[in-house]
Amino acid sequence: MLKDITIGQYFPGDSILHRLDPRAKLIAVFLYIVALFVNSSWLANAVMLILTIILMAVSGIPPRHILRGLRPMLFIILLTGILNLFFTKGTPVLPGWIITWEGISQTIKMMLRITMLIIGTFLLTYTTSPMQITDGLEYLLSPLKRLHVPVHELTLIMSMALRFIPTLIEETDKIMSAQKSRGADFETGGLVQRAKALIPVLVPLFVSSFRRADELAVAMESRCYHGGEGRTRMHELVYTRRDIVAICLAVALLGLLIILR
Amino acid sequence: MAEIITENLEHRYGAGTPFEHVAIRNVSLRFAPGEMVFLAGHTGSGKSTFIQHLNALLAPTAGRVLLDGEDINRSKASRRDTRRKVGLVFQYPEYQLFEETVRKDIAFGPRNMGLSEAEIDERVSEAADFAGVGEEQFDRSPLELSGGQKRRIAIAGVMAMRPSVLILDEPTAGLDPRGSRLLMENLRTYREKTGATLLIVSHSMEDAARYAGRIVVFREGEVCLDGTPAEVFAHPETVYEAGLVLPKTAEIARLLKQQGIPVDNPAYTRELLLEAICRAAGLQA
């Protein structure tokens, strides 16, 4: 069922990663990703791998759960691997072969890197609720307000979109069940037939999305929502010592990896 | 006609995650052909999960569902077959309408069954009649009709498949009193004319008292009461514990009895209450 899709869905807990300030986590993940892409040596990769494993352990999220989330990405990881394996120039493994030693090492590094990239971002979304992430983003992007970028509106749109994903999934599930009860068949037939079979799901879904958007707008206006100007928050984000430590560690790590590369 | 039996049905959502939750457990029920059963219970008591097992939309995590003696989950084909015999109308079914015209929408089910155009037309007219959808609406868009009319169209869409068991999840939710009364009357007529089994999920004990041949009460995923209205309303404490209320007349009878007036419990309809009061007063009803 659609409901069982849990890619990157917030996983409640009380680990140190859960308690960090979302801004600190966003900065750290950003540095983590940069670190992944500047490194190319085996040593640097090993350091990143150990770090990733430590972070996974600290997060308190069952490794099985994280690995299950990786499954949908397996195709991308494998495709990248195969492309690297066959299209890297260098010394052939055996005379006349297309596969090169450089290709093999490049493949392993690439696959490792993408896997760590996904795990790193998953750890962010697993340990941070969508509300916290958008709050953090709004803070971090607020300097752009000076350039007349509608930061508040953008993050509001984002948090609403995130808020409605589960609702829409539930709704889709319900409509699919209802149409299945009326004999609709989503599982057999060719591509065209299957696409056609989705019409009875998509039409009601669009209709209800518009209705929902309308209702939300009315609900917000009736509570005097008028945009970001002068708006205060229920939960002010405050940096604590551990957030500063986390950011410093991330910067130090990036520095270390630049040296190791 | 079809008989449904559930054996020790259990359903867990999100097994193996922190969100794991047992929705129903140990539900063993038998629904005889032609019965009119009300399934009642508090929100979250597992009624909606239960009914989705009866037409194989959900597969039980333990236990079996038998339709005429055969396990409905034995194959893909049997699941599809079951959905034709066991029609399920979801809560707020008006949100599932999608076709350009009312006629086409009601015809969606029969068309999926691969029937001939003549057969489809016949079934559409028949189902529309049962559900109280007028012929004059057939060529209008379902989206421009009122909520109550949309709901009737959605119900007709399931009736058009001529299921031998029809299940409705809170069919009267959100309808005005007259609309819900008319709908219940239509459903009763439908059952009388077709002989189909009717399972209705409802919070309304008034409706249950008036229309049910049998009431099954769910509480925290288990069946806590099962019997005729007279049997079920004879256990007011259990009914309250399940988060439900007695029909108003039964409540009045209970209060009178508490005041020392000998009223036969449970007077779950107006007629029964009147009769009981007259008897207590030594009058002829």
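Being a predicted model, the structure only gives us computed values, none of them experimental.

In this section: the overall build of chain A. The secondary structure content of chain A amounts to 11 helices and zero strands. Walking chain A from its N terminus toward its C terminus, one meets helices and strands in the order α-α-α-α-α-α-α-α-α-α-α. Radius of gyration (C-alpha) of chain A: 23 Å, far over the 18 Å computed for a compact globule of 261 residues. With the C-alpha coordinates aligned to their principal axes, the bounding extent of chain A is approximately 70 × 55 × 35 Å. Every one of the 261 residues in chain A was classed for burial, and the buried ones make up 35%.

Take a nonpolar patch on the surface next. Residues L74(A), F75(A), I76(A), L78(A), L79(A), I82(A), L83(A), F86(A), F87(A) and I98(A) make up a contiguous nonpolar surface patch of about 1,000 Å² in total accessible area. Residue placement: I76(A) occurs in helix α5 (residues 74-87).

Our next topic: unusual backbone geometry. Within the chain, H148(A) stands out as a residue other than glycine whose phi angle is a positive 65°. Assignment of secondary structure puts H148(A) in the loop between α7 (130-141) and α8 (151-181). Taking relative accessible area as the criterion, H148(A) reaches 72% and is therefore assigned exposed. One non-glycine residue, Y92(B), lies in positive phi territory at about 45°. Under the relative-accessibility criterion, Y92(B) is labelled partly exposed at 35%.

Here we come to the pairing of strand β6 (residues 86-89) of chain B. Residue and element names in this part refer to chain B. Here β6 shows two buried faces, one formed by V86 and L88 and the other by G87 and V89. As judged from the four bridges shared by β6 and strand β7 (residues 165-169), these two strands associate in the parallel manner. Its bridge partner lying in β7, V89 is registered against L168.

With that settled, the discussion passes to the nonpolar core. Residue and element names in this part refer to chain B. In this structure, F38, I106 and M159 are the most contacted members of the largest nonpolar core, which totals 49 residues. Domain assignment of the residues forming this core places at least three in each of domain 1 (1-89 + 166-177 + 189-239) and domain 2 (99-162). If sequence neighbours within four positions are ignored, I106 has contacts with V124, A127, A128, I153, A156, G157 and A160.

The extent of an interface is frequently quoted as the accessible surface area lost upon association of the parts. Residue and element names in this part refer to chain B. According to the domain assignment, chain B consists of domain 1 (1-89 + 166-177 + 189-239), domain 2 (99-162) and domain 3 (247-285). Taking both sides of the interface into account, the surface hidden between domain 1 and domain 3 amounts to around 690 Å²; carbon and sulfur atoms contribute 66%. Broken down residue by residue, the surface that domain 1 buries against domain 3 is led by E206, A209 and F233, which jointly contribute 53%. Between R254 and E237 there is a salt bridge, with its nearest N and O atoms 3.7 Å apart. Taken together, the links from domain 1 to domain 3 amount to one residue pair in polar contact (both at pLDDT 80 or more). When residues of the side of domain 1 that touches domain 3 are traced back to their parent elements, those giving at least two are α7 (205-211), α8 (229-233) and α9 (236-241). Residue contributions to the side of domain 1 that touches domain 3 peak at four residues, all from α7. Here the side of domain 1 that touches domain 3 is composed, by residue class, of seven nonpolar, no polar and three charged.

Before going further, it helps to spend a moment on α8(A). Residues and elements named next belong to chain A. Under the 1.5 Å per step criterion, the end-to-end length of α8 is 45 Å for 31 residues, consistent within 8% with the ideal 45 Å. Along its length, α8 shows its largest kink, about 35°, at I165, and proline P166 lies within four residues downstream of that point. A positive phi of about 90° marks G183, the residue just after α8.

All names here are of chain B. With the rule as written, the count across this model stands at 30 salt bridges over all chains. As a salt-bridge pair, E94 and R151 come within 3.0 Å of each other at their nearest N and O atoms. In this pair, E94 sits in the loop between β6 and α3 (102-112) while R151 sits in helix α5 (residues 147-159), placing the two residues 57 residues apart along the sequence.

Reading the values: rules and limits
- Residues numbered from 1 in each chain as written.
- Chains lettered and ligands numbered in written order.
- Predicted model: local features only at pLDDT ≥ 70, side-chain atom pairs only at ≥ 80, totals over all residues.
- Heavy atoms only, no water.
- Helix = DSSP H or I, 4+ residues; strand = E, 2+ residues; numbered from the N terminus.
- Rg over C-alpha atoms; globule rule 2.2 N^0.38 Å.
- Buried < 20%, exposed > 50% of the residue type's maximum accessible area, 1.4 Å probe, protein only.
- Patch = residues over 30% accessible without salt bridge, like charges linked within 9 Å, V, L, I, M, F, W, Y side chains within 5 Å.
- Areas by Shrake-Rupley, 256 points an atom, 1.4 Å probe, with all protein chains shown as cover.
- Salt bridge = Lys/Arg side-chain N within 4 Å of Asp/Glu carboxyl O.
- Pairing = 2+ DSSP bridges.
- Core = buried A, V, L, I, M, F, W, Y, C linked by side-chain atoms within 4.5 Å.
- Domains from an automatic or database assignment.
- Contact = heavy atoms within 4.5 Å.
- Buried area = accessible area lost by both parts, 1.4 Å probe.
- Polar contact = N/O pair within 3.5 Å; in protein donor to acceptor, adjacent residues only side chain to side chain.
- Nonpolar A, V, L, I, M, F, W, Y, C, P; charged D, E, K, R; others polar.
- Expected span 1.5 Å × (residues − 1).
- Bend = angle between axes of the 7 residues up to and from the residue.

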